[in-house]
Amino acid sequence: MTAPILITGASQRIGLAFAKHCLERDVPIIATYRTHRPAVDDLVQAGATCLHADFASNAGVDAFIDTLRAQTPTLRAIIHNASDWLPESPDTDPADVMAAMMQIHSTTPYRINLACRDLLENSDTPTDIVHMTDYVVEKGSAKHIAYAASKAALDNLTLSFARLLSPGVKVNSIAPSLIMFNEGDSEAYREKTLKKSLLGIAPGETAAVQTLQFLLDNPYITGRRIGLDGGRNLV
Ligand SMILES: NC(=O)C1=CN([C@@H]2O[C@H](COP(=O)(O)OP(=O)(O)OC[C@H]3O[C@@H](n4cnc5c(N)ncnc54)[C@H](OP(=O)(O)O)[C@@H]3O)[C@@H](O)[C@H]2O)C=CC1
Ligand SMILES: Nc1nc2c(c(=O)[nH]1)N=C([C@H](O)[C@@H](O)CO)CN2
């Protein structure tokens, strides 16, 4: 029986694309969703186990962990993909922005990794944790300060968990910059953002899926950050 891959935040965009990619390769998937979309029903139809989870509170994280552990005795990988891209705003208390960003991007992966390490270690072949971070861990962000700090915390979790879980579990980050736009992004924003990298494109979900698969397939990379950013660091 092939151990399943857990991917969080898989009801849309990159998470959904990776879940579909795995199912097409007959790799079992446990996908979390917060919002029930038709895509969740499609994943179930395709054979995925879809679990509702809201990681905004520790109670929600712990309830998910209990459900996950009742679902499977082993995992092939954990992909921490769930994320909110919250900007600072005059309407929001900065303390609330920081708390929300740290909760989803740092506390949630931290608690799940510690509580579920045995599901990864119960394997006679290498297993993986992948943290989806962001290029801004290198540079910060003037408009998403708490978001960037929380992704930098996640980037650092990669180093600690790589040390803690070696040699059985590889732990890496993927640090994307623009992968895909959001509905409603203006033409002006799109034009400005495309110019931020050398390659000047929004590659789409496939670029992230390819990078995830590369890490799962590679037996000799751990504790590393893979920049998926079109050369943004050189602009
Ligand atoms: N898209 C891009 O260009 C870039 C993406 N990244 C990173 O790559 C990853 C994937 O990006 P993308 O696909 O755009 O991500 P999304 O913005 O689409 O978010 C992924 C999912 O996270 C889920 N989520 C958010 N908050 C919570 C919560 N409190 N509890 C449970 N689930 C939650 C949402 O669930 P639901 O919809 O079900 O409510 C959402 O579908 C993210 O970590 C992102 O930060 C980094 C740089 C660029
Ligand atoms: N959870 C999300 N994080 C991020 C998103 C997103 O849509 N959801 N988008 C970006 C931008 O594409 C940014 O990289 C453009 O410079 C960043 N993070």
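For the structure itself, consult the block above.
For the structure given in this document, a descriptive report is provided here. Since the structure is predicted, the reported quantities are computational estimates derived from the model, not experimental observations.

Pairing in this open sheet of 7 strands is parallel, and the strands run E3-E2-E1-E4-E5-E6-E7 from one edge to the other. One side of each edge strand has no neighbouring strand; the edge strands of this open sheet are strand E3 (49–52) and strand E7 (225–228). The average undirected angle you get between the axes of adjacent strands in this sheet is 15°. In terms of strand pairing, strand E6 (residues 169–176) meets E7 through 4 bridges, oriented parallel.

With 5 of its 5 residues buried, strand E2 (residues 29–33) lies for the most part within the structure. Of the two faces of E2, the one carrying Ile29, Ala31 and Tyr33 and the one carrying Ile30 and Thr32 are both buried. With 3 bridges joining them, strand E1 (residues 5–7) and E2 adopt parallel strand pairing. Directly across from Leu6, in E2, lies its bridge partner Ile30. Where the polypeptide runs from E2 across helix H2 (residues 38–45) and back to E3, its parallel neighbour, the crossover connection is right-handed.

Definitions and cut-offs
- Residues numbered from 1 in each chain as written.
- Chains lettered and ligands numbered in written order.
- Predicted model: local features only at pLDDT ≥ 70, side-chain atom pairs only at ≥ 80, totals over all residues.
- Heavy atoms only, no water.
- Pairing = 2+ DSSP bridges.
- Helix = DSSP H or I, 4+ residues; strand = E, 2+ residues; numbered from the N terminus.
- Axes fitted to C-alpha atoms, helices over the stretch in contact; angles between N-to-C directions.
- Buried < 20%, exposed > 50% of the residue type's maximum accessible area, 1.4 Å probe, protein only.
- Right-handed = clockwise from strand over helix to strand, strands pointing away.

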